[in-house]
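Observations on the model geometry
Residue strings, one per chain:
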Amino acid sequence: MDFALSDEQRAIRDTARDFITREVVPLEQELLRRERAHRPGLERGELRELQLKARKFGFWGLATPEEYGGMDLPAVTQSLIWTEIGRSFVPFRFGGEADNILFYCNEEQKREFLLPTIEGERFSCFAITEPGAGSDAANIKLSARRDGGDWVLNGEKTFITGGNEADFAIVIAVTDPEKGARRGGATAFLVDREMGWRSEFIQTMGEGGPASLVFDDVRVPERNILGELGQGFTLGMEWIGKGRYTIPSHALGIAERALGMAIAYANTRETFGRPIGENQAIQWMIADSETELEAARWLILRAAWTVDQGMDPRHASSMAKLYGAGMVNRVVDRVMQIHGGMGYTRELPIERWYRQVRLYRIFEGTDEMQRLIISRDLLRGYTKLGGHLA
Ligand SMILES: Cc1cc2nc3c(=O)[nH]c(=O)nc-3n(C[C@H](O)[C@H](O)[C@H](O)COP(=O)(O)OP(=O)(O)OC[C@H]3O[C@@H](n4cnc5c(N)ncnc54)[C@H](O)[C@@H]3O)c2cc1C
């Protein structure tokens, strides 16, 4: 058994780390200053500039196939890069990406939606959640009614990331209420903002925020159906599947950076005439954090490896998402505790992480939904105990 990275994985990971350290980390203090003044931390133009700079380093479209100019990296390498991105709290991501399901676009849709999204000229958002359907996504009600050559959409989506900035939305709507979403009654539509949907920003605990989208007789031509009629729920679940190893990979980067800060602080902050790191209470917090971090690392890398092996990744990804999200919350909480009052201030990024990572236990499948999947797989015998080594 070999737990080492290949030379190629190491080289790509190190180049990503180098880019983040040299180009992204230096923006951190300004980001904190802006956010303290209730301004956006990073403007759209600034993100684009960074992404174009990264393109010169060769980082463009981590998951994008080479025929579209991307790197088409294996999931394990993508996971390693997401961990590097997580090391900085600047909300940076590499450019050249598009929602995984946009690759189901037909030729005409590729020109209109996929290619401009990859190039960063158009922004998308993905909308399945509704006020009455979150974890229970199959219960969506936003309706699409056929009218001549068009579909007319009515209803509301909520908590949509990027929904206030997006030029178009990938909307999962009910096209056949008799069948139900799960059995072919839902369809994915590509809906331009100009077609008439409205968005409203939702204030949340974290920086930035999602939006609610309102569809009031929004007319969408038949040619804007993504994939097949009735394929919407399957596409929606495929979209969500990707996040189940990238979100915890990002969490790992946050936890590593935060724990590094706590170790440095424990060695230098003195109380009662000696560094706080000489107290067992502090040592145990560091030890527990490092142990959980390492456990999360292998769950995440195995989930990504499962994707690369062409195996069904759902069970492994649910464990990685559940444990990774919990781990980062526990680690950031301890890191704040180790920093005492300073950890609670907005001078340091710790309270920002504390607010940010709480979301990781909620979106793209709550903790409870991950537990539901993991236990169901075992109870119904879909997965054997012992994982792929069984
Ligand atoms: C900041 C943010 C960004 C988001 N971005 C997007 C996005 O881009 N696109 C999108 O479509 N959605 C997005 N979401 C929605 C997100 O995926 C949902 O909030 C999430 O799936 C939970 O749904 P809910 O909020 O309706 O909670 P509910 O489903 O109402 O759940 C409430 C609580 O009950 C628990 N629960 C529910 N059912 C069960 C059960 N059977 N057994 C045990 N416990 C249960 C849940 O785990 C949770 O703790 C986002 C949410 C947030 C907060």
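Residues numbered from 1 in each chain as written. Predicted model: local features only at pLDDT ≥ 70, side-chain atom pairs only at ≥ 80, totals over all residues. Heavy atoms only, no water.

An unreviewed UniProt entry lists the protein under the name Acyl-CoA dehydrogenase, from Micromonospora costi. The UniProt entry for the protein carries this comment under Sequence similarities (unreviewed entry): "Belongs to the acyl-CoA dehydrogenase family." Quoted verbatim from the Cofactor (unreviewed entry) heading of the UniProt record, the comment on the protein is "FAD". (UniProt positions renumbered as here; feature names shortened; annotations may be inferred.)

The next subject is the overall build of the protein. Scanning the protein from N- to C-terminus turns up 10 helices and 10 strands. Taken against the 2.2 N^0.38 rule, which gives 21 Å for 390 residues, the C-alpha radius of gyration of the protein at 22 Å falls within 12% of a compact globule. Judged by the C-alpha coordinates and their principal axes, the protein covers about 80 × 50 × 40 Å. Taking all 390 residues of the protein together, the buried fraction comes to 48%. Of the contacts formed within the protein by residues at least 6 apart in sequence, a portion of 71% connects residues at least 24 apart. Surface summary for the protein: the accessible area is close to 19000 Å², and the carbon and sulfur share equals 52%. (Helix = DSSP H or I, 4+ residues; strand = E, 2+ residues; numbered from the N terminus. Rg over C-alpha atoms; globule rule 2.2 N^0.38 Å. Buried < 20%, exposed > 50% of the residue type's maximum accessible area, 1.4 Å probe, protein only. Contact = heavy atoms within 4.5 Å. Areas by Shrake-Rupley, 256 points an atom, 1.4 Å probe, with all protein chains shown as cover.)

Splitting the protein by domain gives domain 1 (7–97), domain 2 (124–230) and domain 3 (243–389). Spacing between the C-alpha centres of domain 1 and domain 3 amounts to 21 Å. On the domain 3 side, the residues contacting the 21 residues of domain 1 number 21 residues. Summed over both partners, the interface of domain 1 with domain 3 buries about 1800 Å², with 55% contributed by carbon and sulfur atoms. (Domains from an automatic or database assignment. Buried area = accessible area lost by both parts, 1.4 Å probe.)

For the rest of this paragraph, the subject is the nonpolar core. Ranked by size, the top nonpolar core spans 59 residues in total, and within it Ile81, Phe92, Phe94, Val328 and Ile338 carry the most contacts. Of all the elements in the fold, those that place two or more residues in this core are α1 (7–24), α2 (28–36), α3 (44–56), α4 (75–86), α6 (232–268), α7 (280–308), α8 (314–344) and α9 (350–358). The leading source of residues in this core is α6, at 12 residues. Residue assignment places this core across two domains, with domain 1 (7–97) and domain 3 (243–389) each supplying three or more. Look past the residues within four positions of Phe92 in its chain and what remains in contact with it is Phe19, Ile20, Val24, Leu47, Leu50, Gln51, Ala54 and Ile85. With 27 residues, the next largest nonpolar core counts Ile101, Val174, Ala188 and Trp239 among its residues. (Core = buried A, V, L, I, M, F, W, Y, C linked by side-chain atoms within 4.5 Å.)

Once that is clear, we can look at the pairing of strand β7 (residues 211–221). As defined by bridge partners, strand β3 (residues 150–160) adjoins β7 across eight bridges and the pair is classed as antiparallel. From the neighbouring strand, Leu153 faces β7, where its bridge partner is Val218. Two strands pair when backbone bridges link them, and strand β6 (residues 198–201) and β7 are joined in this way by four bridges, in the antiparallel orientation. In the strand pairing of β7, Arg198 is matched with Val214. (Pairing = 2+ DSSP bridges.)

Further remarks concern unusual backbone geometry. Residue Phe272 is not a glycine yet carries a positive backbone phi of 50 degrees. Positionally, Phe272 belongs in the loop between β9 (270–271) and β10 (274–275).

On to the pattern of salt bridges, then. Pairing is possible between side chains that carry opposite charge, provided their charged atoms lie close to one another. In the structure shown here, the tally under the stated rule is 31 salt bridges. Close ionic contact of Arg297 with Glu256 constitutes a salt bridge, the shortest N to O distance being 2.7 Å. On the criterion of sequence distance, the pair formed by Arg297 in helix α7 and Glu256 in helix α6 is long-range, its members being 41 residues apart. The exposure classification of Arg297 matches that of Glu256, with both residues buried. We note a salt bridge from Glu292 to Arg334, for which the minimum N-O separation is 2.9 Å. In this pair, Glu292 sits in helix α7 while Arg334 sits in helix α8, placing the two residues 42 residues apart along the sequence. Each of Arg17, Glu84, Arg87, Glu256, Glu294 and Arg297 takes part in one network of salt bridges that share partners. (Salt bridge = Lys/Arg side-chain N within 4 Å of Asp/Glu carboxyl O.)

Moving on to the site of the ligand. Not every one of the 17 residues close to the ligand is listed here, only the nearest: Thr129, Ser135, Phe159, Thr366 and Glu368. Between Ile128 and the ligand, the recorded distance is 2.9 Å, taken from a backbone N or O atom to an oxygen atom. Within the backbone of Phe159, a nitrogen or oxygen atom sits 2.8 Å from a nitrogen atom of the ligand. Elements represented by at least two residues in the shell around the ligand include exactly β1 (124–127), β3 and α10 (367–379). Along the lines of polarity and charge, the residues of the shell around the ligand split into 10 nonpolar, five polar and two charged. Per-domain counts for the shell around the ligand show at least three residues from each of domain 2 (124–230) and domain 3 (243–389). (Near = heavy atom within 4 Å. Polar contact = N/O pair within 3.5 Å; in protein donor to acceptor, adjacent residues only side chain to side chain. Nonpolar A, V, L, I, M, F, W, Y, C, P; charged D, E, K, R; others polar.)

What follows deals with the packing of α8 against α10. A pair of packed helices can be characterised by two numbers: the angle between their axes and the separation between those axes. Look at α8 against α10: their axes get within 9 Å of each other, and the N-to-C directions meet at 145 degrees. For the element pair α8 and α10, the recorded crossing hand is left-handed. Of α10, the residues touching α8 (which contributes His315, Ser318, Met319, Lys321, Leu322 and Ala325) are Asp367, Gln370, Arg371, Ile373, Ile374, Asp377 and Leu378. Looking at side-chain class alone, the contact of α8 with α10 contains six nonpolar, three polar and four charged residues. (Axes fitted to C-alpha atoms, helices over the stretch in contact; angles between N-to-C directions. Left-handed = near helix turned anticlockwise from the far one by under 90°.)

A few words now on the packing of aromatic side chains. One pass over the full model with this rule turns up 13 aromatic pairs. Among the aromatic residues, those joined into a ring-pair cluster are Phe19, Phe57, Phe59, Phe92 and Phe94. Cation over ring: Arg44 sits above Phe123, and NZ or CZ is 3.6 Å from the ring centre. Across from the ring centre of Tyr323, 5.5 Å away, lies the NZ or CZ of Arg330, which sits over that ring. (Phe/Tyr/Trp six-rings, centres within 6.5 Å; stacked < 30°, edge-to-face > 60°. Lys NZ or Arg CZ within 6 Å of the ring centre and 35° of its normal.)

The end-to-end C-alpha distance of α10, which contains 13 residues, comes to 18 Å, matching closely the 18 Å that a straight helix rising 1.5 Å per residue would cover. Within α10, burial applies to Asp367, Gln370, Ile373, Ile374 and Asp377. Buried residues of α10, viewed axially, fall in a sector of 130 degrees; they line one side. Looking at the buried residues of α10, the elements they touch are α6 and α8. (Expected span 1.5 Å × (residues − 1). Arc of directions from axis to C-beta.)

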